[in-house]
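Fold and geometry: a report
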Amino acid sequence: MLNSPRTATTPAHSTHSAPSTHSAHPAHSTLSAHSAHSARPALGGAAGVVDRRVPVAVSAPDPISREGAVSQLRRHPEIDLREESGPGTVALLIEDQLDEQALSRLRRIVRSEGARAVLVVGAIRENELLDVVECGVGAIVWRQEATAHRLVQAVLAASRGDGDLPADLLGRLISQVGTLHRGAAGRPGAPSLGLAPREVDVLRLVAEGLDTGEIAGKLSYSERTVKNVMHGLTTRLHLRNRAHAVAYALREGYI
């Protein structure tokens, strides 16, 4: 019910799945195959055993869309559905298109309520993409691609503070920030971020779409070191998430 009428994206097996107590294992396997490293922090211990449930609040412009998302998330034991967002929760917002009211809701949820946000949207115009990232949204899912597995992947990424953007949006973001950087390159006295070489190395791999485990392997760091590098630079520069950090570094010419 969440997906647009023209595209049926929900996997066929989801309509014939066994009760939820038995369906967590196939869902986890599919998610892990799609994003093996990024799924592990939320699902620890023995295979299929949930260490931590992620609190998620779903918001949509109509009850049908909301119930569609809730029904897809409810089958996954790592998701703890809540009625309201707040500190420590992931707010999943569903929109057909963005307007100023939707952007205001995003800002309120992230900045005032202290939640992390996943945006499920039908379309984003060129001039809205940077606004969404500046609001603090690190995970975006196209509405027509919003299967249960894709939603859970985005929610888990947001709960860790990771970025999760569709490849086409990441390319558009890089292009837009590059344009901004070229426009500002000739200005005297442009501020410097003062990024350390290690921070630049990590951000460059984040921009290429690698997750924490893959970055650690590429740079011969531990995953904890990669997380500490990201936490240090986002805190020091007052950046909201990985996508914001990449956008900032691109704009200043570091990557």
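Relevant structure appears above.
Report on the accompanying structure. (Residues numbered from 1 in each chain as written. Predicted model: local features only at pLDDT ≥ 70, side-chain atom pairs only at ≥ 80, totals over all residues. Heavy atoms only, no water.)

Our focus in this paragraph is the overall build of the chain. For the chain, the count of helices and strands is 11 helices and 5 strands. The burial tally for the chain puts 49% of its 255 residues in the buried class. Taking contacts inside the chain between residues at least 6 apart in sequence as the whole, the part at least 24 apart equals 72%. In the form shown here, the chain has an accessible surface area of approximately 12400 Å², with 52% of it arising from carbon and sulfur atoms. (Helix = DSSP H or I, 4+ residues; strand = E, 2+ residues; numbered from the N terminus. Buried < 20%, exposed > 50% of the residue type's maximum accessible area, 1.4 Å probe, protein only. Contact = heavy atoms within 4.5 Å. Areas by Shrake-Rupley, 256 points an atom, 1.4 Å probe, with all protein chains shown as cover.)

Pairing is possible between side chains that carry opposite charge, provided their charged atoms lie close to one another. Tallied over the entire structure, the rule returns 13 salt bridges. Across the salt bridge formed by Glu 67 and Arg 66, the nearest N and O atoms sit 3.4 Å from each other. A residue is classified by how much of its surface remains accessible, and Glu 67, at 39% relative accessible area, is partly exposed. The salt bridge involving Asp 164 is made with Arg 150; its shortest N-O contact spans 3.0 Å. Here Arg 150 lies in helix α6 (residues 148–160) and Asp 164 lies in the loop between α6 and α7 (167–184), a separation of 14 residues in the sequence. If you follow the salt bridges from partner to partner, you end up with Arg 66, Glu 67 and Glu 83 in one network. (Salt bridge = Lys/Arg side-chain N within 4 Å of Asp/Glu carboxyl O.)

Looking now at the side chain of Asp 164. Residue class for Asp 164 comes out buried when judged on its relative accessible area of 10%. Side chain to side chain, Asp 164 and Arg 150 meet in a polar contact 3.0 Å long. Excluding anything up to four places from it in sequence, Asp 164 contacts Gly 138, Ala 139, Ile 140, Arg 150, Gln 153, Ala 154 and Ala 157. (Polar contact = N/O pair within 3.5 Å; in protein donor to acceptor, adjacent residues only side chain to side chain.)

Moving on to helix α3 (residues 63–74). Relative to the 16 Å expected for 12 residues at 1.5 Å per residue, α3 spans 16 Å between its end C-alpha atoms, a close match to the ideal helical length. Inspection of α3 places Ser 65, Arg 66, Gly 68, Ala 69, Val 70, Gln 72 and Leu 73 among the buried residues, and these make up the whole buried set. Lining the buried residues of α3 we find β1 (54–59), β2 (79–82), β3 (90–97) and α6. Residue Asp 62 occupies the N-cap position of α3, its side-chain oxygen lying 3.2 Å from the main-chain nitrogen of Ile 64. (Expected span 1.5 Å × (residues − 1).)

Moving on, we get to helix α11 (residues 242–251). In an α-helix, one turn spans 3.6 residues; hence positions three or four apart end up facing the same way. The element α11 is largely enclosed, with a buried count of 8 among its 10 residues. Buried within α11 are the following residues: Arg 242, Ala 243, His 244, Ala 245, Val 246, Ala 247, Ala 249 and Leu 250. The distance from a side-chain oxygen at the start of α11 to the backbone nitrogen of Ala 243 is 3.2 Å, and the residue carrying that oxygen is Asn 241.

Another point: the environment of Leu 233. Tracing the chain through its elements places Leu 233 in helix α10 (residues 223–236). Measuring from C-alpha to C-alpha, the distance between Leu 233 and Leu 203 comes to 9.9 Å, with 30 residues separating the pair along the chain. Excluding its chain neighbours within four sequence positions, the residues that come into contact with Leu 233 are Leu 195, Glu 199, Leu 203, Leu 239 and Ala 245.

Moving on, we get to the packing of helix α8 (residues 197–207) against α10. Interaxial distance between α8 and α10 falls to 10 Å at its minimum, and their mutual angle equals 100°. Classified by the angle between their axes, α8 and α10 sit roughly perpendicular to one another. Residues Arg 198, Glu 199, Val 202, Leu 203 and Val 206 of α8 form the contact with α10, whose own contacting residues are Thr 225, Val 226, Val 229, Met 230, Leu 233 and Arg 236. Each residue belonging to the contact of α8 with α10 can be placed in one class, and the counts come to 7 nonpolar, 1 polar and 3 charged. (Axes fitted to C-alpha atoms, helices over the stretch in contact; angles between N-to-C directions. Parallel < 35°, antiparallel > 145°, perpendicular 65-115°, else oblique. Nonpolar A, V, L, I, M, F, W, Y, C, P; charged D, E, K, R; others polar.)

Moving on: the pairing of β3. Extensive coverage of β3 is indicated by the burial of 6 of its 8 residues. Relative to β3, β1 runs parallel, the two being bridged by 4 bridges. Within β3, the position partnered with Val 56 by the bridge is Val 90. Strand direction decides the pairing type here: β3 and strand β4 (residues 116–123), joined by 7 bridges, are parallel. Note on β4: the bridge partner recorded for Leu 92 is Val 118. The handedness of the β3 to β4 crossover, carried by helix α4 (residues 100–112), is right-handed. (Pairing = 2+ DSSP bridges. Right-handed = clockwise from strand over helix to strand, strands pointing away.)

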